[in-house]
Amino acid sequence: MTKTPKYNPPMPDKNDWEKLVNKETKGKSSEELLFQTAEKIKIKPLYTQNDIKNINLEFPGIEPFTRGPRATMYRVRPWTIRQYAGFSTAEESNQFYKKTLEKGGQGISVAFDLATHRGYDSDHPRVKGDVGKAGVAIDSVEDMKILFNQIPLDTTSVSMTMNGAVLPILANYIVAAEEQGVPQEKLSGTIQNDILKEFMVRNTYIYPPTASIKIISDIISYTSKHMPKYNSISISGYHMQEAGAHSSLELAYTLADGMEYIRAATSSGLHIDEFAPRLSFFFGIGMNFYMEIAKLRAARFLWSKIVTNFGAKSPESKMLRTHCQTSGWSLTEKDPYNNIIRTTIEAMAAVFGGTQSLHTNSFDEAVALPTDFSAKLARNTQLIIQEESQICKVVDPFGGSYMMESLTQELISKAEEIIAEIEELGGMSKAIESGLPKLRIEEASANRQAMIDKGQDVIVGVNKYKDKSNEQIEIREIDNNKVREIQIARLKKIKSTRDNHKVAECLNALTEYSKKGIGNALDLAIKAARARATVGEISFALETIWGRYQAHSQTVSGVFERAMKNEEKWMSLKVEIENFSKKFGRRPRILIAKMGQDGHDRGAKVIASSFSDLGFDVDLSPLFSTPEEVAKVGIENDVHIIGISSLAAGHKTLVPDLIAELKKKNSSDIMVVIGGVIPKQDYDFLIKSGVAFIFGPGTPVMESAKQIIEKLLAN
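All residue numbers refer to position in the chain's written sequence, counted from 1. Restriction of local features to residues with pLDDT of at least 70 applies here, the model being predicted, together with a cutoff of 80 or more for giving and counting side-chain atom pairs; totals for whole chains, interfaces and linings are based on all residues. The basis for the side-chain values is all heavy atoms of the structure; hydrogens and waters are excluded.

Caption draft 1: Representation of helix H6 (residues 195–202) within the structure. Partly exposed describes any residue whose relative accessible area lies between the buried limit of under 20% and the exposed limit of over 50%, with all areas from a 1.4 Å probe on protein chains only and scaled to the type maximum. Helix numbering and strand numbering both begin at the N terminus, where a helix is a DSSP run of H or I of at least 4 residues and a strand a DSSP run of E of at least 2. A large share of H6 lies buried, amounting to eight of its eight residues. Along H6, the residues classified as buried are Ile195, Leu196, Lys197, Glu198, Phe199, Met200, Val201 and Arg202. In the segment just after H6, Asn203 is the residue with positive phi, at about 70°.

Caption draft 2: Here's a closer look at the packing of aromatic side chains. Two aromatic rings, drawn from Phe, Tyr or Trp (for Trp, its six-membered ring), form a pair once their centres lie within 6.5 Å of each other, and the interplanar angle then sorts them: stacked below 30 degrees, edge-to-face above 60, tilted otherwise. Considering all chains together, one arrives at 22 aromatic pairs under this definition. With centroids separated by 5.2 Å and ring planes inclined at 70°, the aromatic side chains of Phe352 and Phe398 adopt a geometry described as edge-to-face. Separated by 46 residues along the polypeptide, Phe352 in helix H13 (residues 338–353) and Phe398 in the loop between helix H14 (372–388) and helix H15 (402–424) bring together distant segments of the chain. Phe352 gets classed as buried once you look at its relative accessible area, which sits at 15%. Classification of Phe398 by relative accessible area gives buried; the value is 17%. An angle of 80° between the planes, with centres 6.4 Å apart, marks the rings of Phe363 and Phe373 as edge-to-face. With Phe363 in the loop between strand S11 (357–359) and H14 and Phe373 in helix H14, this pair connects stretches of sequence that are ten residues apart.

Caption draft 3: Structural view of the packing of H6 against helix H9 (residues 247–267). Taken N-terminus to C-terminus, the directions of H6 and H9 make an angle of 140°; their axes are 9 Å apart at the nearest point. Here Ile195, Leu196, Lys197 and Met200 of H6 come into contact with H9, specifically with Tyr253, Asp257, Glu260 and Tyr261. Any residue that is not Ala, Val, Leu, Ile, Met, Phe, Trp, Tyr, Cys, Pro, Asp, Glu, Lys or Arg is counted as polar, Gly included; the first ten are nonpolar and the last four charged. Partitioned by chemical class, the residues of the contact of H6 with H9 number five nonpolar, no polar and three charged. Axis definition: a line fitted to C-alpha atoms, over the contacting stretch in the case of helices. Angles run 0 to 180 degrees between N-to-C directions. Working rule for contacts: check all heavy atoms of both residues, and any pair within 4.5 Å makes them a contact.

Caption draft 4: Spotlight on the nonpolar core. Membership of the largest hydrophobic core comes to 80 residues, with the highest contact counts inside it found for Leu251, Tyr253, Leu255, Trp303 and Met428. Sequence-distant contacts of Met428, that is, excluding residues within four places in its chain, are made with Leu196, Met200, Tyr253, Ala256, Asp257, Glu260, Ile422 and Pro437. Grouped together as the second largest cluster of nonpolar side chains are 59 residues, Ala171, Ala177, Met227 and Leu507 included. Buried Ala, Val, Leu, Ile, Met, Phe, Trp, Tyr and Cys residues form a nonpolar core when they are joined through side-chain atoms within 4.5 Å.

Caption draft 5: Representation of the state of the cysteines within the structure. Working definition: a disulfide is two cysteine sulfur atoms within 2.5 Å of each other. In this structure the tally under the stated criterion is zero disulfides. A disulfide-free cysteine, Cys392 has its sulfur positioned 15 Å from the sulfur of Cys324, the nearest such atom. Residue classification places Cys392 among the buried residues on the basis of a relative accessible area of 7%.

Caption draft 6: Inspection of a nonpolar patch on the surface at higher detail. Residues Leu57, Phe59 and Ile62 make up a contiguous nonpolar surface patch of roughly 370 Å² in combined accessible area. For Phe59, the position within the fold is in the loop between strand S2 (42–43) and strand S3 (80–85). Excluding any residue in a salt bridge, patches collect residues exceeding 30% relative accessible area, merging like charges within 9 Å and nonpolar Val, Leu, Ile, Met, Phe, Trp and Tyr side chains within 5 Å. The accessible surface values rely on the Shrake-Rupley method and a 1.4 Å probe; as for residues, cover is taken only from the protein chains in view. What makes a salt bridge here is a side-chain nitrogen of Lys or Arg within 4 Å of a carboxyl oxygen of Asp or Glu, nothing more.

Caption draft 7: Region of interest: the pattern of salt bridges. Enumeration according to the criterion identifies 47 salt bridges in this entry. Glu250 is the partner of Lys295 in a salt bridge, and the nearest nitrogen-oxygen pair spans 2.6 Å. Pair noted here: Lys295 is in helix H11 (residues 289–309) and Glu250 is in helix H9, with a separation of 45 residues, a long-range link. Judged by relative accessible area, which is 0%, Glu250 ranks as buried. Ionic pairing is found between Glu710 and Lys706, a salt bridge with its closest N-O pair at 2.8 Å. Of this pair, Glu710 and Lys706 both sit in helix H28 (residues 701–714), four residues apart, which is roughly one turn of that helix. We classify Glu710 as partly exposed; its relative accessible area is 38%. Because the salt bridges share partners, they merge into one network encompassing Arg67, Arg297, Asp396 and Glu405.

Caption draft 8: Spatial organisation of the sheet that holds strand S14 (residues 641–646). Strand pairing is defined by DSSP finding a minimum of two bridges between the two strands. The five strands lie next to each other as S13-S12-S14-S15-S16, forming an open sheet whose pairing is parallel. Both edges of this open sheet fall to strand S13 (617–620) and strand S16 (693–695), since each of them pairs with a single strand only. In this sheet, adjacent strand axes meet at a mean angle of 20° when their direction is disregarded. Bridge analysis of S14 against strand S15 (residues 671–676) gives six bridges, and the strand direction is parallel. Bridging across to S15, Ser646 finds its partner in Gly676. Against the sheet, helix H24 (residues 602–614) contacts strand S12 (589–593), S13 and S14, and its axis sits at roughly 160° relative to S13. In the packing of helix H25 (residues 627–636) onto the sheet, the strands contacted are S12 and S14, and the crossing angle to S12 comes to about 160°.

Caption draft 9: Geometry of the environment of Ser401. Summarising the element assignment, Ser401 is placed in the loop between H14 and H15. Here the alpha-carbon distance between Ser401 and Gln184, two residues 217 residues apart in the chain, equals 44 Å.

Caption draft 10: Structural context of the side chain of Glu537. Along the chain, the position of Glu537 falls in helix H21 (residues 535–546). Look at Glu537 and you get buried, because its relative accessible area is 18%. Filtering out sequence-adjacent residues up to four positions away, Glu537 remains in contact with Asp121, Lys495, Arg498, Val503, Leu507 and Arg532.

Caption draft 11: Region of the structure containing the confidence of the model for the protein chain. Scored from 0 to 100, pLDDT reflects the predictor's confidence in each residue. Summary statistics for the protein chain give a mean pLDDT of 92 and a share of 99% for residues scoring 70 or more. The secondary structure element of the protein chain with the lowest average pLDDT is S3, at 79, and the one with the highest is helix H20 (residues 521–530), at 98.

Caption draft 12: Here's a closer look at unusual backbone geometry. With an omega of 15°, the peptide bond running from Glu63 to Pro64 counts as cis. The residue Pro64 is located in the loop between S2 and S3 in this model. Even without glycine at this site, Phe624 takes up a positive phi of about 65°. Along the chain, the position of Phe624 falls in the loop between S13 and H25. A positive phi angle, near 55°, is found at Asp638, a position not held by glycine. Within the secondary structure, Asp638 sits in the loop between H25 and S14.

Caption draft 13: Region of the structure containing the packing of helix H23 (residues 568–584) against H28. Two elements in contact, H23 and H28, have axes whose closest approach is 10 Å; the angle formed by their N-to-C orientations is 25°. The orientation of H23 relative to H28 falls into the category roughly parallel. Pair H23 / H28 crosses with left-handed handedness. Of H28, the residues touching H23 (which contributes Lys569, Trp570, Leu573, Glu576, Ile577, Asn579, Phe580, Lys583 and Phe584) are Met702, Ala705, Lys706, Ile709, Glu710, Leu712 and Leu713. Of the residues that constitute the contact of H23 with H28, the class distribution is ten nonpolar, one polar and five charged. Our angle categories are set so that under 35 degrees counts as roughly parallel, over 145 as roughly antiparallel, 65 to 115 as roughly perpendicular, and the remainder as oblique. Note on convention: near helix rotated counterclockwise from far helix by under a right angle means a left-handed crossing. Clockwise means right-handed.

Quick look at the structure:
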């Protein structure tokens, strides 16, 4: 039998590879194939051994934890599968949670409605369109008990996305567990409790920054002593990414927030090793597959370094643990079934990056709350990755990758530069006061949208490979009025059956705390919750002294103009707008407004920035305005158009109220348009109500501006 000769491939020669590149690209070198990301990191088409020669050998579970927080990662214990959900009443949400747990879910993530987030009871006039819409309505302990009915809180991990009204919500959860027979020390899960990012992007704050940080410090202190299994804070970058931050901004600002919380806790007398093991993180996972993996690896390295510099000795303190959620922003209204594929790619990036728990968004969330069908698909996405793909069998399969190790180091360097900029301003609280982080995120958001509108960043089905069919999908519809009626009836009942003298004592104690700072805010809130004080009452007891914070809106300018200045359609549209100015003696004026308690203002800011660059005069209404307040500002500013941005499903209540108010004030000539998350099923209702144009998710800026200006010119 002939012996097969040993194969000895030639030694690699980079010059030979470069010749092949030149041949295949018809004259380009590998340098010309470099790709620069939004983070200004240059991605090479090929990485080699030389790119990692200065990178140290590391192992998972060992400081600095770049390769994972646990030695065996998913080989022994896979990530926790969570479904972030909450809608309508506590009863409906409870049924959803129980189904999720029965069908493979391993933890509960609670979404609260915006009225609850902002510390209002459901009967408050400012939340007419918000009750039960974008989450579950919770007004008291009784609602919380229904929410977790027949769900054992001693064995079920509960994550709650709550920041503004964190005191009454966490207090109600603790009391509901007590009355279920579960003591505080057995509770496991996470309260988000990350107020700094609210001032940057999401805006569901209540109190000013200093008072809010005091609350966080008290919660960290209380849970460290009484709730050893519970994570007292989830430091969140997710909402920064949703607001437009690229990976290095999200990474740096999230860790800088964490540094500020460490300072707050240690200044109250705690040693870092007493509370750091119960700090957790929450990152968004978008469609930049390699960058998202690198981001989680870089986050673990940087946090280990940061916490060590704060004096931590315990490895548990230095270990960054994170929950991840696939991107909501990447979901598209057009060709919505494409979202299933996007979510799968994002979920795999989170897993390869080493997340400890994961929520996968449902494909229909670009238009409405998820249906049971879409939620099942989202949950099964994780189950299939976990059970069928064999991905769990290997710890950190990207470890040692020339490209991944190099990218991780580059992202570490970028994030450290940004953190240094924040530290020079005096830390994140001072930086937020200066407005810098918000401005940086809004610049990144506007730039990304400009790249999409140019077609440089491809979104399949939106700006390339468009499908002209107008398929409608089944959506979940919430009857806001019905939910509000149910909640108001419960509020009346609880107030008529409780000891109102005891409630008054508890609320007065909270007000005294806000004056003098003596005691622990969470301890006082728990006592008030036991007495059946409501979410709104507990919040207002502190608001009496601290006040309710109101941010000042600002708009970036020039981003779209720089990106679009050579685009023919852009220049043509600017000419049309100039023609309007010549015809009417002034520029077209638009008021961009958000109504109700929805603070997600990415879309509103992008429209404000782009329309301003096109030549519109742009006004911004204060966040959380009522329809009456928006109408008043529009009339006083003599605008031609009021543009409503809606992401929280309050449009069927709030927009007709706005149009009725304009009519009442003899200003029906002001054009009303709306953009955002608007199901196709609602279009006819809004048009009949008097809306001129509806711009769904993914509508190019130039398309919406062109329709508006042409209608104005035709009048």
